[in-house]
Amino acid sequence: MSEIQTIELAERAAEGPAAEPKGGRFLFSSWHLVLIPIAVVMVIPLVWMVITSLQTLDQTRHYPPSLVPTSMQVRNYTDVLQQAPFARWFVNTLVVTLACVAGNLLFCSLAGYAFARIRFFGRELAFILILATLMVPFQVVIIPTFLIVRSLHLIDTLGALILPNLAGAFGIFMLRQFFRTLPVELEEAARIDGASRLGILFKIVLPLSGPALATLAVITFMWTWNDFLWPLITIYNPNNMTIQLGLATFQGAHQTNTNLRMAAHVMSMLPVLLLFFFAQRYFIRGIATTGLKG
Amino acid sequence: MAEVRLEHVTKRFSEDVAALDDLTLEVADGEFLILVGPSGCGKTTALRLVAGLEKPTSGAIAIGGRIVNDVTPRDRDIAMVFQNYALYPHMTVHRNLAFGLKERRTPKPEIERRVREASAILGLDDLLGRRPAQLSGGQRQRVAMGRALVREPKAFLLDEPLSNLDAKLRVQMRAELKRIHQRLGITTIYVTHDQVEAMTLGDRIVVMSNGRVQQIGKPQEVYRRPQNLFVAGFIGSPPMNLLRGRCADGSIRLGDLDLPWSGPDAAEVAVGFRPEDLRPAGDGGPSLEFVVDVVEPLGNEVVVHGTTAGTAVESGAEEEAEIPLVAEGARAAITAVFAPADEPAPGDHMRLGIVPDRVHLFDLHTREAIGR
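For clarity, every value in this text was computed on a predicted model and none was experimentally measured.

Asks: Looking at this structure, I do not really get the packing of helix α5 (residues 86–117) of chain A against helix α6 (residues 123–132) of chain A. What am I missing?
Replies: Each packed pair of helices is defined by two parameters, the angle between the axes and the distance between the axes. Residues and elements named next belong to chain A. Two elements in contact, α5 and α6, have axes separated by 10 Å at closest approach and are oriented at 135°. Classed by the angle they form, the pair α5 and α6 counts as oblique. Where α5 crosses over α6, the handedness of that crossing is left-handed. Together, Ala114, Phe115, Ala116 and Arg117 of α5 and Arg123, Ala126, Phe127 and Ile130 of α6 make up the contact between the two elements. Partitioned by chemical class, the residues of the contact of α5 with α6 number six nonpolar, no polar and two charged.

Asks: Sorry if this is basic, but what is going on with the domain arrangement of chain A here?
Replies: Accessible area lost during the coming together of the parts is what is often quoted as the interface size. Residue and element names in this part refer to chain A. As assigned here, chain A comprises domain 1 (31–73) and domain 2 (85–290). Here the C-alpha centre of domain 2 lies 32 Å away from the C-alpha centre of domain 1. With eleven residues of domain 1 at the interface, the matching set in domain 2 holds nine residues. Summed over both partners, the interface of domain 1 with domain 2 comes to about 740 Å²; 74% of that surface belongs to carbon and sulfur atoms. Considering only the side of domain 1, the residues that lose the most area to domain 2 are Met49, Ser53 and Leu57, jointly responsible for 55% of the buried surface there. For the pair domain 1 and domain 2, the interface holds zero salt bridges. Summed over the shared surface of domain 1 and domain 2, the number is zero residue pairs in polar contact (both at pLDDT 80 or more).

Asks: Could you clarify how one ought to interpret the confidence of the model for chain B in this entry?
Replies: Caution applies to low-pLDDT parts of the model: their predicted coordinates are not meant to be read in detail. When pLDDT is averaged along chain B, the result is 86, and 95% of the positions lie at 70 or above. In the predicted complex, the global pTM is 0.79; the interface-specific ipTM is 0.83.

Conventions used here
- Residues numbered from 1 in each chain as written.
- Chains lettered and ligands numbered in written order.
- Predicted model: local features only at pLDDT ≥ 70, side-chain atom pairs only at ≥ 80, totals over all residues.
- Heavy atoms only, no water.
- Axes fitted to C-alpha atoms, helices over the stretch in contact; angles between N-to-C directions.
- Helix = DSSP H or I, 4+ residues; strand = E, 2+ residues; numbered from the N terminus.
- Parallel < 35°, antiparallel > 145°, perpendicular 65-115°, else oblique.
- Left-handed = near helix turned anticlockwise from the far one by under 90°.
- Contact = heavy atoms within 4.5 Å.
- Nonpolar A, V, L, I, M, F, W, Y, C, P; charged D, E, K, R; others polar.
- Domains from an automatic or database assignment.
- Buried area = accessible area lost by both parts, 1.4 Å probe.
- Salt bridge = Lys/Arg side-chain N within 4 Å of Asp/Glu carboxyl O.
- Polar contact = N/O pair within 3.5 Å; in protein donor to acceptor, adjacent residues only side chain to side chain.
- pLDDT = per-residue confidence, 0-100.

Right, dumping it as structure tokens:
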């Protein structure tokens, strides 16, 4: 019967996420006594940032600082947009992020599927090596990566940000684990039906892997969007900067204008924040299923 | 349509265990062949080898006269129905049926025609827009059959297709499968562990155990003349009674029963008789003393469990759960099937009449049947 259950699991996965159980959703539990204060601590900096971004310069210098919104100086946002090429940075980041998300979805699927289902010489070893790279801190590989990117003449282009991040060990690992839970009979049925390996991957496996793909997409999006160190090393021209890097240079130039800096931060955070609101399920799944920090 | 041949096919998953050991088999064009045996006997492996999902370690497989050892499943032109149906969960019934045809670049109108045809045969017309999760077990089973039908393949391979249905539905689908086969006449290899399915569906059945063929024959033939102890114990429900007998002076002694015997003296044999060949003894004929234990009235017949003096012989086909029933001290458990009019009461002492030419004899050492 376990096969049947797996099939049903896959069916449920294909049907989309199950509806949240109704009722009991807002029930109070003693855990809330712990969770609510933690949530408040987490939220205060965010709120403070938004409030500051709407204050006048004088108000930001007031001591003690006020957490109560006293003004609505929306002009700060338009000022920021005029003083720095924010739109450009935003577009750059979006291009890099979407390219990395697409690349990860495609290449990690291919690799993950090969590791999950295709028997080939050295598969286990290769997989272990890929997994092992998860334990290597980024700082260790900065220089070799830089040298490779430089030899490809990609320094100071968006390509330098995209190419090294088109696939990752994390995505390969996560998708392999997920693919292995799909009933193998589905793929055998497709083989008999005449589908090729790639056909099976794209027509059977990936359509059933929605949740895993969504998780990978969301996590890659966040990683890429928030990446700072690598752009700092490879990008010099302000026109090619991503929003995080641009923000840092903007911060340096506007040491004193806290309200403008905060307005810039709010704008840079907005996409990730929105993503989190709408896709937090997938963040949690990604962290829960792989045991890795998101 | 085509015949399927397996010649000296062996499949090993590891060095020392052969899942399939030197299997030679010929399935005639249009034949309905059953592979039956307990789990782990190699029947599913044999099916997967024909499908091309596994490669044989040695031997040749031919479909329609062409050796297909190195041919991919796609190009073997066979269709398979899986035990768990393996319907594509994200596709509607219509797309499930059409998938194989699309992958083969069948023209659209042709796909449409074949899907309509198959759905008419199987009564799927109202379900074409649904997804597998919205179907009942029986409906899924039909869709799985439909997916095989639309392909109009050279051969059907069915891997325990009815085992996930409830008993009533299973009987219905069994008849339906037979009807479909009679109508289309496509070569079919059907794997099951259920000997009722084997008996009712097959033109011929292949009884397998431990990767080896035990017997191949028409269902009645296998039932009437099992070639060895395993087949004797496996085919038939309730299973054949098997008791240890001694041969001496031209007769076989079994408890207080004497049966004529023309073989060599002192040979040890297993004496087998089917439950339905046992009757409350009339006067005269050979008979066996019997104490009734449990009576199971089924309406059209009564299954009577009890014991007789003697030692039971294990055929090797017993399910584990049955083993405790065998032999209590010097007494052996046996089963008889009576007409309802003869229903005894638990605790009754009676004599069971045996028709001598319905008795099966097996050599206890070779485990093969002894002709008489």
